[in-house]
Amino acid sequence: MKINAFIFARGGSKGVPGKNIKLLADKPLLAHAVELANKIPDIDNVFVSTDDEDIAKVANQYGAEVIHRPKALAQDDTPEWLAWQHAIKWVNTKTGVFDVFVSLPTTSPLRNQLDVERCINALDDNSDIVLTATETTRSPWFNMVSIDKKGNTKLLIDSSESYSRRQDVPKAYSLTTVAYVSRPEFIINSDHIFDGRVKSVMIPEERSIDIDTELDFKIANFLKRT
């Protein structure tokens, strides 16, 4: 079975400018994902999809093959699903078809090898895609709300049940960006993750950070060094 890892790293990042090649624990953020992918014995090839030449140079430096992504697929509002489809088609044409697609977003630098291997092993005949999740302390049944323009506030989930203690509400989970594992044909023939049979692998909170802001970056940098 042929398994390819993909890292999608476009040049534009408004939350953290230059995020993908910004130094985290003395290495470009991108490098942490590439190096981890190269450590996993089951992964045959590592590709970086990018529209940015500086990111491409870092990808090559750390041992990944670059897929040059069209600018049209690297805009702020471009669904990453389309970049996934582009990368799969590119690899199928250039190096031949493969069996398992693994996406390792740069924004989860605290994951470890076992986290990714568990995701790969979780993909079975009863699932089309594997995601990662962590248990959340905020619940849409209890303390997550929507607020309109007038400040009117209500719970996200309008339930007939009334909860006064967090311990009593149904468990809720936050999706993380530690890894996505799927079959290439599912991605090519679908429009969204939840078009298929979805399975989740639980990740400890301390390894589930998703870098989206400067504060996230500082926290990840601190934890990576400890």
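Residues numbered from 1 in each chain as written. Predicted model: local features only at pLDDT ≥ 70, side-chain atom pairs only at ≥ 80, totals over all residues. Heavy atoms only, no water.

### Details of the nonpolar core
Note the cut-off: In this text, buried Ala, Val, Leu, Ile, Met, Phe, Trp, Tyr and Cys residues form a nonpolar core when linked through side-chain atoms within 4.5 Å. Burial classes: relative accessible area under 20% of the type maximum marks a residue as buried, over 50% as exposed, and values in between as partly exposed (1.4 Å probe, protein chains only). Numbering of helices and strands runs from the N terminus, with a helix taken as a DSSP run of H or I at least four residues long and a strand as a DSSP run of E at least two residues long. Contact criterion: two residues are considered in contact whenever any of their non-hydrogen atoms come within 4.5 Å of each other.
The biggest cluster of nonpolar side chains holds 33 residues, and the ones touching the most others in it are Ile7, Leu30, Ile43, Val46, Val48, Val102 and Val181. Those elements giving two or more residues to this core turn out to be strand 1 (3–8), helix 1 (29–39), strand 4 (45–50), helix 2 (53–61), strand 6 (100–103), helix 4 (113–122) and strand 10 (173–182). Looking at which element gives the most residues to this core, the answer is helix 1, with five residues. Val181 has contacts with Val100, Phe101, Val102, Cys119, Ile120, Leu123, Asp128, Ile129 and Val130, leaving out every residue within four places of it along the chain. Phe47, Ile67, Leu131 and Tyr180 belong to the second largest nonpolar core, which has 18 residues in total.

### Focus: the side chain of Thr78
Condition: Two N or O atoms count as a polar contact when they lie within 3.5 Å, although within protein this holds only if one can serve as hydrogen donor and the other as acceptor, and sequence-adjacent residues are included solely when both atoms are side-chain atoms.
Along the polypeptide, Thr78 turns up in the loop between strand 5 (65–68) and helix 3 (80–94). Among the residues examined, Thr78 registers a relative accessible area of 19% and is labelled buried. For Thr78, the side chain forms a polar contact with the main-chain oxygen of Ala72, separated by 3.3 Å. At 3.1 Å, the side chain of Thr78 forms a polar contact with the backbone nitrogen of Gln75. If we ignore the near neighbours within four places in the chain, the residues touching Thr78 are Ala72 and Leu73.

### A word on the side chain of Ser208
Position of Ser208 relative to the elements: it lies in the loop between strand 11 (198–202) and helix 6 (214–225). A distance of 2.9 Å separates a polar side-chain atom of Ser208 from the backbone oxygen of Glu205. Look past the residues within four positions of Ser208 in its chain and what remains in contact with it is Thr134, Thr176, Val178 and Ile203.

### Re helix 6
We apply this condition: In this scheme, a helix's expected span is set at 1.5 Å multiplied by one less than its residue total. In this context, the arc is that of the directions from the helix axis out to the C-beta atoms.
Across its 12 residues, helix 6 extends 17 Å between first and last C-alpha, which sits within 8% of the 16 Å expected from 1.5 Å per residue. Buried residues of helix 6: Asp216, Phe217 and Ala220, and no others. Considered in projection along helix 6, the buried side chains sweep an arc of 100° and stay on one side of the axis. Turned more than 90 degrees away from the buried face of helix 6 sit Leu215, Lys218 and Phe222, all of them exposed.

### Topic: a negative patch on the surface
Let me state the cut-off plainly: Each patch is built from residues lacking any salt bridge and having more than 30% relative accessible area; the joining distance is 9 Å for like charges and 5 Å for nonpolar side chains (Val, Leu, Ile, Met, Phe, Trp, Tyr). Accessible surface area values rest on a Shrake-Rupley calculation with a 1.4 Å probe, where residue burial reflects the displayed protein chains alone. What counts as a salt bridge is simple: a side-chain nitrogen of Lys or Arg found within 4 Å of a carboxyl oxygen of Asp or Glu. Only four residue types enter the tally: Lys and Arg on the positive side, Asp and Glu on the negative side; His and the chain ends are excluded. The atom standing in for a charge is NZ when the residue is Lys, CZ when it is Arg, CG when it is Asp and CD when it is Glu.
Together, Asp42, Asp44, Asp99 and Glu185 give the surface a local cluster of negative charge. When you line up the elements, Asp42 lands in the loop between helix 1 and strand 4. Under the relative-accessibility criterion, Asp42 is labelled partly exposed at 44%.

### Thoughts on the sheet that holds strand 5
In plain terms, the rule: We call two strands paired when DSSP finds no fewer than two bridges between them. A fitted line through C-alpha atoms serves as each axis, taken over the contacting stretch for helices, and the angle formed by two N-to-C directions is quoted from 0 to 180°.
Strand order in the open sheet formed by seven strands is 5-4-1-6-10-7-11, and the pairing between neighbours is mixed. The sheet is open, and its two borders are formed by strand 5 and strand 11, each paired with just one other strand. Put simply, the sheet's adjacent strands are angled 35° from each other on average, direction ignored. Examined bridge by bridge, strand 1 and strand 4 share five bridges and lie parallel to one another. Bridging from a neighbouring strand, Phe8 pairs with Ser49 of strand 4. Sitting on the sheet, helix 1 is in contact with strand 1 and strand 4, with an inclination near 155° to strand 4. Along the sheet, helix 4 makes contact with strand 1, strand 6, strand 7 (129–135), strand 10 and strand 11, crossing strand 11 at roughly 150°.

### A look at the packing of aromatic side chains
Cut-off, in case you're wondering: Pairs were defined over the aromatic rings of Phe, Tyr and Trp, the Trp ring being its six-membered one, requiring ring centres within 6.5 Å. Orientation was assigned from the angle between planes: stacked under 30 degrees, edge-to-face over 60, tilted for the rest.
Per the counting criterion, the structure on display carries 11 aromatic pairs. Note on Phe6 and Phe98: the rings are 5.7 Å apart at their centroids and 40° apart in plane angle, and the pair reads as tilted. Linking Phe6 in strand 1 with Phe98 in the loop between helix 3 and strand 6, this pair joins segments that are 92 residues apart in sequence. For the pair shown, Phe6 and Phe98 are each scored as buried.

### Side note on the pairing of strand 6
Taking every second residue as pointing to the same face, both faces of strand 6 are buried, with Val100 and Val102 on one and Phe101 and Ser103 on the other. Judged from the four bridges that link them, strand 1 and strand 6 form a sheet pairing that is parallel. Following the sheet pairing, Ile3 is matched in strand 6 by Val100. For strand 6 and strand 10, the ladder comprises three bridges, and the chain directions are antiparallel. Bridging from a neighbouring strand, Val102 pairs with Val181 of strand 10.

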